[in-house]
Amino acid sequence: MGAKDITEKTLEAYNDVFADIINVLLFNGKQTVKENELEDAIVRYHYKADGGKLHEMERDTAKYWKDSNIRIACFGYENQTMPDIDAPLRGAGYDGSEYRRQMLADYEETTGPDGAKKITRKRNPRYPVITLFLYFGYKKHWNKPLTLHGCLDIPEELKPYVNDYKINLFEIAYLTEEQVSLFKSDFRIVADYFVQMRKNNSYVAKPETIKHVHELLELMSVLTNDQRFVDVYNAMGKEAASMCEVLDQIEKKGIEKGIEREQKHIILNMYEEGCDAETISRLTKISIEIVGNILNKNL
């Protein structure tokens, strides 16, 4: 999906949103996973390649699902705005790294009475790792492989011995309206946006209150490649309580930019005809400060 600022919490990292996505996509809206049963998981994995050089790969979001202190499962999300032919390879890498982490957690370094260190092993319970690929494309369906076999050039005689791996792909823009209505968190706004864009190539906001304003607008900005969502937050902050207000501000800013472009065109044309700043201001009723700023920036 592109680089993200790992210092800031993303929308899907909030437990209410994370659990909501799991409950709708995996359990058809049944409240199976509770917010208070989720714990942040490690999203960075290290591996060696290129002659032993240490590399790093990172999930978008991951959490452990726990019952008391027992881990039931590890869930991870990967956001996709474009189909990716290597998605099964990435998914297998994420899942494999988490399973390897489970095995390594069995080993513990202890210090004996004599100060000597030794490695002890106690096998901990194993739990499943489930990765969900959330695809936000709305102009076309996902058209890349969903399985590891689909990514590889495998000779027929080897195919029976190559284990396959299938990704869990969810095309958000192709959810039904009934599925979208099952979401209880801010993710319903995200899903509704992409469903409407697929069906109508336009979006009409509903008067729903946004809980995580900054994170929602940042995610929308990344998924749509539209900086205006972030610009609105920077201008309004948490005052942007609904998408209706956000879109109103986007439209207002669009009108203002249109006015600015028109003013710039008029001022520069008059200057080229020999008018000075004071004459331009007097004839156009545009303040002398605006006229001066435009001339200073463009001459």
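Quick caveat, the model's predicted, so the values are computed rather than measured.

Undergrad: Teacher, can you tell me more about the packing of aromatic side chains here?
TA: Ring pairs (aromatic) are described by centroid distance and by the angle formed between their planes. Tallied over the full model, the rule gives 11 aromatic pairs. Measuring from centroid to centroid gives 6.0 Å for Tyr-64 and Tyr-127, while their planes differ by 85 degrees, and the two rings are edge-to-face. With Tyr-64 in strand E4 (residues 61-67) and Tyr-127 in the loop between strand E7 (117-121) and strand E8 (129-135), this pair connects stretches of sequence that are 63 residues apart. For the residue pair Tyr-64 and Tyr-127, the accessibility class agrees, reading buried in each case. Taken together, a centroid distance of 5.3 Å and an interplanar angle of 55 degrees make the contact between Phe-136 and Phe-194 tilted.

Undergrad: Could you clarify how one ought to interpret helix H7 (residues 228-236) in this entry?
TA: Three- or four-residue spacings in an α-helix give side chains the same orientation, since the helix completes a turn every 3.6 residues. All buried positions along H7 are accounted for by Phe-229, Val-230, Val-232, Tyr-233 and Met-236. In an axial view of H7, the angular spread of the buried residues amounts to 155 degrees, which keeps them on one side of the axis. Facing away from the buried side of H7, by more than 90 degrees, are the exposed residues Asn-234 and Ala-235.

Undergrad: What exactly am I supposed to notice about the sheet that holds E8 here?
TA: Backbone-to-backbone hydrogen bonds pair the strands of a sheet. The strands run either parallel or antiparallel. Read from one edge of the open sheet, five strands run E1-E4-E5-E8-E9, paired in mixed fashion. Every interior strand has two partners, whereas the edge strands, strand E1 (38-40) and strand E9 (168-171), have only one. Each neighbouring strand pair of the sheet contributes to a mean axis angle of 30 degrees, computed without reference to strand direction. Sheet topology places E1 next to E4; three bridges connect them, and they run antiparallel. Within E4, the residue paired with Leu-38 across the bridge is Trp-65. Seen against the sheet, helix H2 (residues 87-104) touches E4, strand E5 (70-80) and E8 and runs at an angle of roughly 150 degrees to E8.

Undergrad: In this structure, what is going on with the packing of helix H9 (residues 277-284) against helix H10 (residues 288-298)? I would like to understand it.
TA: Packed helix pairs are specified by the crossing angle of their axes together with the interaxial distance, meaning the distance between the axes. Their axes nearest at 9 Å, the elements H9 and H10 cross at an angle of 130 degrees. In this view, H9 runs oblique relative to H10, as classed from their interaxial angle. When the axes of H9 and H10 are compared, the crossing they make is right-handed. Contact residues: Ala-277, Glu-278, Ile-280 and Ser-281 in H9; Ile-288, Val-291 and Leu-295 in H10. Here the contact of H9 with H10 is built from residues that sort into five nonpolar, one polar and one charged.

Undergrad: I keep staring at the packing of helix H6 (residues 213-224) against H7 and nothing clicks. Help me out?
TA: As a packed pair, H6 and H7 sit with axes 7 Å apart at the nearest point and diverge in direction by 155 degrees. Taken together, the axes of H6 and H7 lie roughly antiparallel to each other. In this structure, H6 uses Val-213, His-214, Leu-217, Glu-218, Met-220, Ser-221 and Thr-224 to contact H7, whose residues at the interface are Phe-229, Val-230 and Tyr-233. Residues belonging to the contact of H6 with H7 are distributed by class as follows: six nonpolar, three polar and one charged.

Undergrad: Just to check I follow, could you spell out the environment of Phe-136 for this structure?
TA: Mapped onto the elements, Phe-136 comes out in the loop between E8 and helix H3 (148-151). Residue classification places Phe-136 among the buried residues on the basis of a relative accessible area of 2%. Sequence separation of Phe-136 and Tyr-174 is 38 residues, and the distance between their C-alpha atoms is 8.9 Å. With near-sequence residues (within four places) excluded, Phe-136 lies in contact with Glu-12, Asn-79, Gln-80, Ile-172, Phe-187, Val-190, Phe-194 and Leu-223.

Undergrad: How do you make sense of the pattern of salt bridges when you look at a structure like this?
TA: Two side chains that carry opposite charge are able to pair once their charged atoms sit near each other. Applying the stated criterion across every chain, the model contains 14 salt bridges. With its nearest N and O atoms 3.5 Å apart, the salt bridge here joins Glu-98 to Arg-101. Placement of both Glu-98 and Arg-101 in helix H2 is noted, with a separation of three residues, approximately one turn of the helix. Connected through salt bridges with shared partners, the residues Glu-39, Lys-66 and Arg-71 form a single ionic network.

Undergrad: What am I meant to see in the side chain of Asp-60 here?
TA: Among the secondary structure elements, Asp-60 is positioned in the loop between strand E3 (53-58) and E4. For Asp-60, a relative accessible area of 16% translates into the label buried.

Undergrad: Got a minute to help me understand the nonpolar core in this structure?
TA: Most often, soluble globular proteins keep nonpolar side chains buried together rather than apart. One finds Leu-25, Leu-134, Phe-187, Val-190 and Met-243 to be the most contacted residues of the largest nonpolar core, which totals 47 residues. Contributing elements (two or more residues each) for this core: helix H1 (15-27), E5, E8, helix H5 (187-200), H6, H7 and helix H8 (243-272). With eight residues, the top contributor of residues to this core is H5. Ignoring any residue separated from it by four or fewer positions in sequence, one finds Leu-25 in contact with Leu-132, Leu-134, Phe-170, Leu-175 and Phe-183. Core analysis: the second largest hydrophobic core is formed by eight residues, Ile-267, Met-270, Ile-280 and Ile-286 among them.

Thresholds, definitions, all that
- Residues numbered from 1 in each chain as written.
- Predicted model: local features only at pLDDT ≥ 70, side-chain atom pairs only at ≥ 80, totals over all residues.
- Heavy atoms only, no water.
- Phe/Tyr/Trp six-rings, centres within 6.5 Å; stacked < 30°, edge-to-face > 60°.
- Helix = DSSP H or I, 4+ residues; strand = E, 2+ residues; numbered from the N terminus.
- Buried < 20%, exposed > 50% of the residue type's maximum accessible area, 1.4 Å probe, protein only.
- Arc of directions from axis to C-beta.
- Pairing = 2+ DSSP bridges.
- Axes fitted to C-alpha atoms, helices over the stretch in contact; angles between N-to-C directions.
- Contact = heavy atoms within 4.5 Å.
- Parallel < 35°, antiparallel > 145°, perpendicular 65-115°, else oblique.
- Left-handed = near helix turned anticlockwise from the far one by under 90°.
- Nonpolar A, V, L, I, M, F, W, Y, C, P; charged D, E, K, R; others polar.
- Salt bridge = Lys/Arg side-chain N within 4 Å of Asp/Glu carboxyl O.
- Core = buried A, V, L, I, M, F, W, Y, C linked by side-chain atoms within 4.5 Å.

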